[in-house]
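# Residue-level structure breakdown
One-letter residues, chain by chain:
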Amino acid sequence: MDFDLSPGAEQWRNKLQTFFDAEVLPRHRAWVEHFANRSEAPPFMGDLQQKARAAGLWNLGLPELAGDEPGTRLSNLDYAPLAEIMGRLFWAPEVFNCQAPDVPNMIALQNCATPDQKARWLRPLLEAKTRSAFGMTEPDVASSDATNIATKMVRDGDDYVLNGRKWFITGAAHPNCTFLIVMGVTDADADRTRRHSCIIVPMQTPGVRLVRRLRWMGCEDHTAPIGELAFDNVRVPASNLLGEEGEGFKVAQVRLGPARIHHCMRSIGLCELLIELMMVRASERSAFGRTVIQYDTVQRWIAESRVELEQARLLACRCAWRLDQTGHHGASSSIKNWRDVSLIKVAVPAMLQRIADRALQVFGAMGGSDDTPIHQALAWGRLLRIGDGPDEVHLRQIFRMEPMPAWSIANSPYLAVHPS
């Protein structure tokens, strides 16, 4: 495993960094000011997207792009440092059409959709002409066990009729969200992993209702607003089924692998920013006769943050490298892939929480205000420990993949002989 960037990947990183520094970062204060007063997209977003696409910095997180699909085909490993750069600002991925949940949905459509479905639903996403969501979690069941998903999808002639409720659906409250991929039960009597299917549901379908826009720990997701949705006798053509009936988990797993690793890549970039903020803040403030950065406690916080970040980056790079070996469609069948995905999904959000908490302590009250991204980072880290599978589910999976040694304690060659 060689995680050094290839010369080509290094060029892409430098190109993105130059664009980020010249075009994106200078607009951050305007972005913050804009969303302090309104909720629609800032007026400069379209212009930024056009510039990014003209520069070839478009759809960077899709290694399986077809020849006629717009974007830059990079491997997962090559994309990792680019995601880190975007992760420094919560809204930056949208400039390059690399935002969640659209990228994982694009990957699901690339791998599971029919040609007609790709033309109608995938192409507009690739062109940033629309937004999407993935409807899975529900308020009335423990969604940590996805087999609990209870929304009903009943076949009626050439249609499916949906009834149920979904919540904490990222992107569902976005004004430009035109469709969802919804997971529901099509055969309650089938094997527990064959009961569910995924279907594409246009947002304007009668019976689809946005119940409310949700916040998380007081924070608003402006890039992909979170929604709670109700489905009341929603009739959708059977031709909108994504994959075969009973393949809901297959579709979900195809999108979950890249979704999790992209979250982790962006979080690593956010942690780099938090360390920089701690360094500067601590060097500019004095307490009890010396600068804050001169105190051993603060130095240890920053050093520990660096150690944890580098460990997390290595885990993420290995996961990306392994995902490149199998492709997204084969990822679900690779034990090593899913072990690595679970490892980073546990390690990175916990690291983000710890580093954000230290940054909050260094900044004091300012760190909890909207003047800094620190409290949003803390909330984001906490959300990631629940979303896309809670810590406990991933730890359980990691334990299950831990091999049992062939020897017992009594005959272990690593232990001294016990006197009888």
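This text follows the structure it describes.
Scoring rules and cut-offs
Residues numbered from 1 in each chain as written. Predicted model: local features only at pLDDT ≥ 70, side-chain atom pairs only at ≥ 80, totals over all residues. Heavy atoms only, no water. Helix = DSSP H or I, 4+ residues; strand = E, 2+ residues; numbered from the N terminus. Rg over C-alpha atoms; globule rule 2.2 N^0.38 Å. Buried < 20%, exposed > 50% of the residue type's maximum accessible area, 1.4 Å probe, protein only. Contact = heavy atoms within 4.5 Å. Pairing = 2+ DSSP bridges. Core = buried A, V, L, I, M, F, W, Y, C linked by side-chain atoms within 4.5 Å. Salt bridge = Lys/Arg side-chain N within 4 Å of Asp/Glu carboxyl O. Expected span 1.5 Å × (residues − 1). Patch = residues over 30% accessible without salt bridge, like charges linked within 9 Å, V, L, I, M, F, W, Y side chains within 5 Å. Areas by Shrake-Rupley, 256 points an atom, 1.4 Å probe, with all protein chains shown as cover. Phe/Tyr/Trp six-rings, centres within 6.5 Å; stacked < 30°, edge-to-face > 60°. Lys NZ or Arg CZ within 6 Å of the ring centre and 35° of its normal.

In this section: the overall build of the chain. Check the secondary structure of the chain and you find 12 helices and 10 strands. Here the C-alpha atoms of the chain give a radius of gyration of 23 Å, agreeing with the 22 Å that 2.2 N^0.38 yields for 420 residues. If one aligns the C-alpha atoms of the chain with their principal axes, the spans along those axes are about 80 × 75 × 45 Å. Counting the 420 residues in the chain, one finds 51% classified as buried. Residue pairs in contact within the chain that sit at least 24 positions apart in sequence constitute 73% of those at least 6 positions apart.

Time to look at the pairing of strand β4 (residues 177-185). For β4, the buried fraction is high: eight of the nine residues fall into the buried class. One ladder, built from five bridges, connects strand β1 (residues 131-135) with β4; its direction is parallel. Directly across from G135, in β4, lies its bridge partner V182. Here seven bridges tie β4 to strand β5 (residues 196-202), and the two strands are oriented antiparallel to one another. Opposite V182, over in β5, you have I199 as the bridge partner.

Before going further, it helps to spend a moment on unusual backbone geometry. With an omega of 0°, the peptide bond running from A100 to P101 counts as cis. By the element assignment, P101 lies in the loop between α5 (92-95) and α6 (102-112). Positioned with a positive phi, N97 is a non-glycine residue whose angle comes to about 55°. Within the secondary structure layout, N97 lies in the loop between α5 and α6. The class of N97 is buried, set by a relative accessible area of 2%. A positive phi angle, near 60°, is found at F288, a position not held by glycine. With respect to the element layout, F288 can be found in the loop between β9 (286-287) and β10 (290-291). On the basis of relative accessibility, which here comes to 84%, the residue F288 falls in the exposed class.

Let us now look at the nonpolar core. Formed by 62 residues in total, the largest nonpolar core has its most connected members in V24, L60, M86, W91, V95 and F96. The element that contributes the greatest number of residues to this core is helix α8 (residues 248-284), accounting for 12 residues. Those residues within four positions of W91 in sequence are excluded, and the remaining contacts are V24, R27, H28, W31, F44, M45, L48 and T223. Counting 27 residues, the second-largest nonpolar core is a separate cluster that includes L65, A108, I149 and V254.

With that settled, consider the pattern of salt bridges. Applying the stated rule across the entire model yields 29 salt bridges. Notably, a salt bridge pairs D145 with R192, separated by 3.5 Å at the nearest N-O pair. With D145 in the loop between β1 and β2 (152-156) and R192 in the loop between β4 and β5, this residue pair connects regions lying 47 residues apart in the sequence. On the basis of relative accessible area, D145 is assigned to the partly exposed category, the value being 28%. A relative accessible area of 41% places R192 in the partly exposed class. Among the ionic pairs, R235 bridges to D159, the shortest N-O distance being 3.2 Å. Here R235, found in strand β7 (residues 226-237), pairs with D159, found in strand β3 (residues 159-170); they are 76 residues apart in sequence, far enough to count as distant. In this structure R235 comes out as partly exposed when scored by relative accessible area, which is 41%.

With that settled, consider helix α4 (residues 76-87). With 12 residues, α4 extends 15 Å from end C-alpha to end C-alpha; this agrees with the ideal 16 Å at 1.5 Å per step. α4 sits mainly inside the fold: 11 of its 12 residues count as buried. Regarding α4, the residues found buried are N76, L77, Y79, A80, P81, L82, A83, E84, I85, M86 and G87.

Before going further, it helps to spend a moment on a nonpolar patch on the surface. Taken together, the side chains of W407, I409, Y414 and L415 present a nonpolar region at the surface, about 490 Å² in accessible area. Within the secondary structure, Y414 is located in the segment after α12 (391-400). Residue classification places Y414 among the exposed residues on the basis of a relative accessible area of 69%.

To continue, consider the packing of aromatic side chains. The tally for this structure, following the rule as stated, stands at eight aromatic pairs. Relative to Y414, the ring of W407 lies with its centre 5.8 Å away and its plane at 55°, an arrangement referred to as tilted. Following the ring pairs from residue to residue traces out a cluster consisting of W31, F35, F44 and W91. Of note, R255 hangs over the ring of F134, and the distance from its end group to the ring centre comes to 4.2 Å. A cation sits over an aromatic face here: R290 above Y295, 4.1 Å from the ring centre.

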